[in-house]
Amino acid sequence: MESGEGAGGPGGPDGPGPEFGCASFNQDSTSLAVGTKTGYKLFSLTMVEKLDCVHESETPDVYIVERLFSSSLVVVVSTAMPQRMNIYHFKKGTEICNYSYPNNILAVKLNRQRLVVCLEESIYIHNIKDMKLLKTLLNTPSNSSGLCALSTNHSNSYVAYPGSATIGEIIVYDANSLNTVTMIPAHDSPLAALTFNASATKLASASERGTVIRVFSIPDGSRLFEFRRGMKRYVNISSLSFSHDGQFLCASSNTETVHIFKLEQQGPSGEDEAATWTSYVGKMFSAASSYFPAQVSGMMSQDRAFATVHLLTSGRKNVCTLTMMQKLPRLLVATADGHLFIYNVDPLDGGECTLAHEHKLFEDEDQSEGKDSEGEVQGRPQVFPSYAATAALPASGPVTATLTGYSEDGGVRKGEIIPEHEFAAGPICLDDENEFPPINWCRDGTGGGQGRR
């Protein structure tokens with residue numbers, strides 16, 4: 001996830017965890033979405049010691065759930081219908097629409113300008129205001145994990161995805177202008193994780209080996225930083241996330257350690273670097289690097305973790321993010337056994353992070369085994385043509401030219417009334433600070449898909 005990578009997937013090698021099958025932090029790390037075999041929950045992340053559940057649904061077997069910032073819009077995909085994406089306004093309790101695709105949906109990413117759906121060998125880019133299909137990237141390199149990233153900055157809506165199935169090439173695509181920006185030769189082995197910073201000026205990546213994390217400048221693709229997570233063993237990095245100010249980057253994997261790296265440029269004479277033993281050793285290695293072979297000197301110059309967290313367990317999927325909570329920097333880790341850990345981060349000295357609080361996200365699943373788990377999605381028949389049948393149709397219907405209340409900065413004023421949604425019972429009052437911009441959903445399939453009536 002940016003601000004979190006999702007954990008889980010349709011028929012993945014690990015399947016749903018003991019408690020949940022997916023977890024994702026929203027774009028500004030103010031909300032956590034978690035899906036299980038019996039439903040999904042949305043949590044508000046404002047207090048360290050209190051975890052508020054703002055919405056709960058009984059949609060079964062959810063493996064993708066994504067919330068748009070602090071809005072009422074949520075996207076859900078379940079293993080019962082892995083080719084169909086359902087979009088809900090959860091505060092109104094209504095389904096806005098759903099779209100079907102030719103193959104299983106592996107990932108969904110969204111910001112206030114674009115909604116991106118990733119399949120194994122194709123990517124669909126929609127205009128989120130009306131869900132019109134803007135571009136289909138066909139025959140992309142095989143991407144069985146659905147790895148992709150979308151910048152949260154809607155003014156620079158960049159999509160990053162693997163450019164190769166065998167080596168770690170990254171394609172950066174501009175989802176606003178609908179053009180390829182650059183190709184970055186990031187790693188020797190296939191990619192495992194990608195994320196943009198909040199301003200879409202940096203992109204971090206890790207390969208399947210999981211030993212090195214690199215940060216590149218966007219849009220030019222030049223390498224800015226290289227961090228070594230470890231040398232002794234290969235790991236599966238499941239989550240990369242920048243802090244909102246872009247000064248820190250956290251990485252979690254299938255090991256017990258979560259790493260936080262600090263992105264700081266050293267001045268010409270090193271005056272910006274603290275006079276510590278670590279910095280002294282770093283300068284010594286830097287001065288001596290010209291005497292070592294290229295591979296050795298390159299490894300010596302790589303920065304180690306600025307701060308770390310040691311989880312109680314390893315081997316389980318998890319997702320991490322860095323955020324400000326109650327005016328202090330925190331590291332949040334949601335683990336596949338159904339827990340959310342909140343750690344305090346020292347932004348000056350780093351070191352081992354201290355546990356501030358632990359939350360249990362779900363009651364024991366055994367308590368609800370006898371309940372009817374038929375959800376609001378599974379129980380509805382699919383009566384409209386599939387996405388594959390409609391995406392190729394020429395645009396014949398009207399295109400919405402103006403959207404009342406929509407502003408180019410991607411937000412609307414608190415409490416503003418927007419026009420009636422097609423599938424809603426009445427006008428929708430947007431009462432969130434960063435609510436979803438006004439939208440008009442297609443009735444005729446010209447957006448490339450069919451919405452439910």
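Residues numbered from 1 in each chain as written. Predicted model: local features only at pLDDT ≥ 70, side-chain atom pairs only at ≥ 80, totals over all residues. Heavy atoms only, no water.

Is there a simple way to think about the overall build of the chain in this case?
Helices and strands together make up the secondary structure of the chain, namely 3 helices and 31 strands. Within the chain, the fraction of its 453 residues that count as buried is 55%. Long-range pairs, those at least 24 residues apart, make up 49% of the contacts in the chain with a sequence separation of at least 6. Just so you have it, the chain exposes about 19,800 Å², and 49% of that area is on carbon and sulfur atoms. (Helix = DSSP H or I, 4+ residues; strand = E, 2+ residues; numbered from the N terminus. Buried < 20%, exposed > 50% of the residue type's maximum accessible area, 1.4 Å probe, protein only. Contact = heavy atoms within 4.5 Å. Areas by Shrake-Rupley, 256 points an atom, 1.4 Å probe, with all protein chains shown as cover.)

Looking at this structure, how should I read the environment of His187?
Assignment of secondary structure puts His187 in strand E16 (residues 179-187). Sequence separation between His187 and Glu208 is 21 residues, and the spatial gap between their C-alpha atoms is 9.3 Å. What His187 contacts, discounting residues up to four positions off in sequence, is Ile167, Gly168, Ser205, Ala206, Ser207, Val212 and Arg214.

Explanation requested: the packing of aromatic side chains in the structure shown.
Two aromatic rings, taken as a pair, are described by how far apart their centres are and by the angle between their planes. Going through the model one piece at a time under the given rule, you end up with 6 aromatic pairs. A centroid spacing of 5.2 Å and a plane angle of 65° characterise the contact between Tyr101 and Tyr124, whose relative ring orientation is edge-to-face. With a gap of 23 residues between them, Tyr101 in the loop between strand E8 (94-100) and strand E9 (107-110) and Tyr124 in strand E11 (residues 122-127) connect regions that are remote in the sequence. Considered together, Tyr101 and Tyr124 belong to a single accessibility category, that of buried residues. Ring centres of Phe248 and Phe306 lie 5.5 Å apart, and the angle between their planes is 45°; on these two criteria the pair is classed as tilted. Here Phe248 is found in strand E22 (residues 248-253), whereas its partner Phe306 is found in the loop between helix H2 (294-300) and strand E24 (307-310), with 58 residues between them in sequence. Assessed through its relative accessible area of 13%, Phe248 is described here as buried. (Phe/Tyr/Trp six-rings, centres within 6.5 Å; stacked < 30°, edge-to-face > 60°.)

Can you help me understand the pattern of salt bridges in this one?
Any two side chains of opposite charge can pair, so long as their charged atoms come close to each other. Inspection of the entire model under this criterion finds 4 salt bridges. Across the pair Asp52 and Lys50 runs a salt bridge whose closest N-O atoms are separated by 3.9 Å. Judged by relative accessible area, which is 28%, Asp52 ranks as partly exposed. Via salt bridges that share partners, Arg214, Arg223 and Glu226 belong to a single interconnected network. (Salt bridge = Lys/Arg side-chain N within 4 Å of Asp/Glu carboxyl O.)

Looking at this structure, I do not really get the side chain of Glu226. What am I missing?
Checked against the element boundaries, Glu226 lands in strand E20 (residues 223-228). A relative accessible area of 16% means that Glu226 is categorised as buried. Among the polar contacts made by the side chain of Glu226, one reaches the side chain of Arg214 at a distance of 2.4 Å. Within the structure, the side chain of Glu226 is placed 2.7 Å from the side chain of Arg223, a separation counted as a polar contact. (Polar contact = N/O pair within 3.5 Å; in protein donor to acceptor, adjacent residues only side chain to side chain.)

Help me out: how do you make sense of the pairing of strand E1 (residues 22-25) in this one?
Two faces make up the sheet, and in a regular strand the side chains alternate between them. The two faces of E1 match: Cys22 and Ser24 on one face and Ala23 and Phe25 on the other face are all buried. Two strands pair when backbone bridges link them, and E1 and strand E2 (residues 31-35) are joined in this way by 4 bridges, in the antiparallel orientation. Opposite Ser24, over in E2, you have Ala33 as the bridge partner. Taken together, E1 and the strand that follows it, E2, pair antiparallel across an intervening segment of 5 residues, in which Ser29 is found at a positive phi of about 60°. (Pairing = 2+ DSSP bridges.)

Please explain the sheet that holds strand E26 (residues 328-335) as it appears in this structure.
One key point about sheets: their strands pair by backbone hydrogen bonds, in either a parallel or an antiparallel sense. Strands sit in the order E25-E26-E27-E29 across an open sheet of 4 strands; the sheet is antiparallel. Of all the strands in the sheet, just strand E25 (318-325) and strand E29 (354-360) have a single pairing partner and so form its edges. This sheet shows a mean twist of 20° between the axes of neighbouring strands, independent of strand direction. Two elements, strand E27 (residues 339-344) and E29, share 6 bridges in a ladder whose sense is antiparallel. (Axes fitted to C-alpha atoms, helices over the stretch in contact; angles between N-to-C directions.)

Is there a simple way to think about the pairing of strand E18 (residues 202-207) in this case?
For E18, a buried count of 5 out of 6 residues is recorded, marking the element as mostly surrounded by other parts of the structure. The pairing of strand E17 (residues 191-196) with E18 spans 5 bridges and is classified as antiparallel. Paired with Phe196 across the two strands is Leu203, which belongs to E18. The antiparallel hairpin formed by E17 and E18 contains 5 residues in its connecting segment, where Ala200 sits at a positive phi of about 60°. The pairing of E18 with strand E19 (residues 212-217) spans 5 bridges and is antiparallel. The residue of E19 that forms the bridge with Ala204 is Val215.

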